[in-house]
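# An overview of the molecular structure
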Amino acid sequence: MCTCATYQTKNHYFGRNLDLEYSYQESVTVAPRNFPIPLRRGKTLTTHYAMIGMAFVCGGFPLYYDAVNEYGLGMAGLNFPKNGFFGEPLDDGRENISPFEFIPWLLGRCRTLREARSLLANVRLVNIPFSSELPITPLHWMISDMTGSIVVEPLRDGLHIYDNPVGVMTNNPTFDIQLFRLNDYRNVSARTTASAFAPGLSLDEYSRGMGGIGIPGDLSSGSRFVKAAFTRMNSVSDDSEDASVSQFFHILASVEQQRGCCDLGGGNYEITIYSSCCNLEQGIYYYRTYDNSQISAVDMHHEDLDGKALISYPLIREQQIRRVN
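These remarks concern the structure in this document. (Residues numbered from 1 in each chain as written. Predicted model: local features only at pLDDT ≥ 70, side-chain atom pairs only at ≥ 80, totals over all residues. Heavy atoms only, no water.)

What follows concerns the packing of aromatic side chains. Inspection of every chain in the model, using the stated rule, returns 12 aromatic pairs. When the centroid spacing of 5.3 Å and the interplanar angle of 25° are considered together, the rings of Tyr24 and Phe56 count as stacked. Taken together, the residues Tyr24 in the loop between strand 2 (12–20) and strand 3 (27–31) and Phe56 in strand 6 (residues 51–58) connect sequence positions 32 residues apart. By relative accessible area, Phe56 is classed as buried at 17%. Taking the centre distance of 6.4 Å and the plane angle of 65° together, the rings of Phe86 and Trp141 count as edge-to-face. Placement of Phe86 in the loop between strand 8 (74–79) and strand 9 (95–97) and of Trp141 in strand 11 (residues 139–145) is noted, with a sequence separation of 55 residues between them. Judged by relative accessible area, Phe86 falls into the buried class, the value being 8%. Here Trp141 falls in the buried class, since its relative accessible area comes to 1%. One aromatic cluster is present, formed by Phe86, Phe102, Trp105 and Trp141 through successive ring pairs. (Phe/Tyr/Trp six-rings, centres within 6.5 Å; stacked < 30°, edge-to-face > 60°. Helix = DSSP H or I, 4+ residues; strand = E, 2+ residues; numbered from the N terminus. Buried < 20%, exposed > 50% of the residue type's maximum accessible area, 1.4 Å probe, protein only.)

Here it is in structure tokens:
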């Protein structure tokens, strides 16, 4: 499972936790403007907007988990088991796009969230796997720019697009239900409030942080949604890049998964394989991994964005410890 979030100070930030029990040896990958992106049921995108993100590069194709383009439009795909539905291709005038090509197709053509909404009106997400070894994964997506966020969910009755006022997304249930469940926590607060348990009963404020009692702390997707929304919407930092990036990773850390706490059986544990944060205005992709808590960064504008070849940076996975004596 996974968590996606946004954050705003002077700049806007977009990123996610990838929570799985295994890695595909993903890398931070830049697709420059002239890198050809073949589409299974459409023409190859021979030119498009440049993008940077985390991808498993397979057979020369970037299977993006999340990415941001040169205009500051970001997109991430998260697991959506038992809900995500992809029908068969149809020739009815709409574009048939497979989930594995959805991120580069959209980010390659849209500069803004408004343009993305318009493009989504003419798309059908279809059941075309990348290969027999990499079958279709049920997914839904969060798309964000400097103006806001939407969630895109392919269900059996069609493509649902939701405004996202809280700037976070996890997995199941569907996004409308996730939002509704926030009503259950309407009385929690970052501040400790006066006791309302019963008239005439004096109850002690015996600890700091008691205003947040009731916020869930387990690793289920519904609970992570509540915790991430509460943390993100109450987060405070100054406007500097270092402080903003640091705070973003703290938001994601509030719902990260530690090895051993989500036991899948057979010696497998779901963990936060990586956490990412991208400055939408500057095109800088920051990340850290489960075993390397140091933040690393790749700047897309330090690359030749008019090139024709992918640029990939393998993740630095070994712990980087600064020894001071």
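Before going further, it helps to spend a moment on the nonpolar core. Nonpolar side chains in soluble globular proteins tend to be buried together. Membership of the largest hydrophobic core comes to 86 residues, with the highest contact counts inside it found for Phe102, Leu106 and Ile143. Ignoring anything within four residues of it in the chain, the contact list for Phe102 reads Met75, Ile97, Leu120, Leu125 and Trp141. (Core = buried A, V, L, I, M, F, W, Y, C linked by side-chain atoms within 4.5 Å. Contact = heavy atoms within 4.5 Å.)

Within the open sheet, the eight strands sit side by side as 13-12-11-8-7-6-3-20. Their pairing is antiparallel. Either end of the sheet is taken by a strand with one partner, and the two such strands are strand 13 (158–163) and strand 20 (311–314). Direction aside, the axes of adjacent strands within the sheet are offset by 30° on average. Where strand 12 (residues 148–155) and strand 13 come together, six bridges link them in antiparallel fashion. Its bridge partner lying in strand 13, Leu155 is registered against Gly158. Running at roughly 40° to strand 7 (residues 61–69), helix 1 (residues 99–107) makes contact with strand 6, strand 7, strand 8 and strand 11 of the sheet. (Pairing = 2+ DSSP bridges. Axes fitted to C-alpha atoms, helices over the stretch in contact; angles between N-to-C directions.)

Structurally, Thr170 can be placed in the loop between strand 14 (168–169) and helix 3 (175–181). Note on Thr170: relative accessible area 1%, which makes it buried. Side-chain polar atoms of Thr170 contact the side chain of Gln178, separated by 3.0 Å. A polar side-chain atom of Thr170 sits 2.9 Å from the main-chain carbonyl oxygen of Ser221. (Polar contact = N/O pair within 3.5 Å; in protein donor to acceptor, adjacent residues only side chain to side chain.)

Another point: the sheet that holds strand 2. Taking strand neighbours across the sheet as the criterion, the six strands line up as 14-1-2-17-18-19 in an open arrangement whose pairing is antiparallel. Single-partner strands in this sheet number two, and they are strand 14 and strand 19 (292–299). Pairing analysis gives six bridges linking strand 2 to strand 17 (residues 271–279), with the strands arranged antiparallel. Directly across from Asn17, in strand 17, lies its bridge partner Ser275. This element, helix 5 (residues 241–253), spans strand 1 (2–8), strand 2, strand 17, strand 18 (284–289) and strand 19 of the sheet and lies at about 150° to strand 17.

This paragraph deals with the layout of surface pockets. Considering only enclosed or pocket space, the largest pocket measures out at about 680 Å³ in volume. Surrounding the largest pocket, 28 residues form its lining, Tyr24, Tyr65, Pro135, Thr137 and Leu139 being those nearest its centre. Mapped onto the lining of the largest pocket, the elements with two or more residues apiece are strand 2, strand 7, strand 8, helix 1 and strand 11. The element best represented in the lining of the largest pocket is strand 2, accounting for four residues. Of the pockets and cavities examined, the second largest pocket occupies roughly 410 Å³. Around the second largest pocket, the lining comprises 14 residues; the ones closest to its centre are Thr193, Ala194, Ser195, Ala196 and Met210. For the lining of the second largest pocket, the class distribution of residues is seven nonpolar, five polar and two charged. (1 Å grid on protein atoms, 1.4 Å probe; cavity = no way out; pocket = protein on both sides within 12 Å on 5 of 7 lines; lining within 4 Å. Points joined across faces, edges and corners; volume = space filled by probe spheres on them. Nonpolar A, V, L, I, M, F, W, Y, C, P; charged D, E, K, R; others polar.)

Axis separation between helix 1 and helix 2 (residues 113–120) bottoms out at 10 Å; the angle between their running directions is 125°. One element, helix 1, and the other, helix 2, form an angle in the oblique class. Here the hand of the crossing between helix 1 and helix 2 comes out right-handed. Counting all contacts with helix 1, which are made through Phe102, Trp105 and Leu106, the residues of helix 2 involved are Ala116, Leu119 and Leu120. Here the contact of helix 1 with helix 2 is built from residues that sort into six nonpolar, no polar and no charged. (Parallel < 35°, antiparallel > 145°, perpendicular 65-115°, else oblique. Left-handed = near helix turned anticlockwise from the far one by under 90°.)

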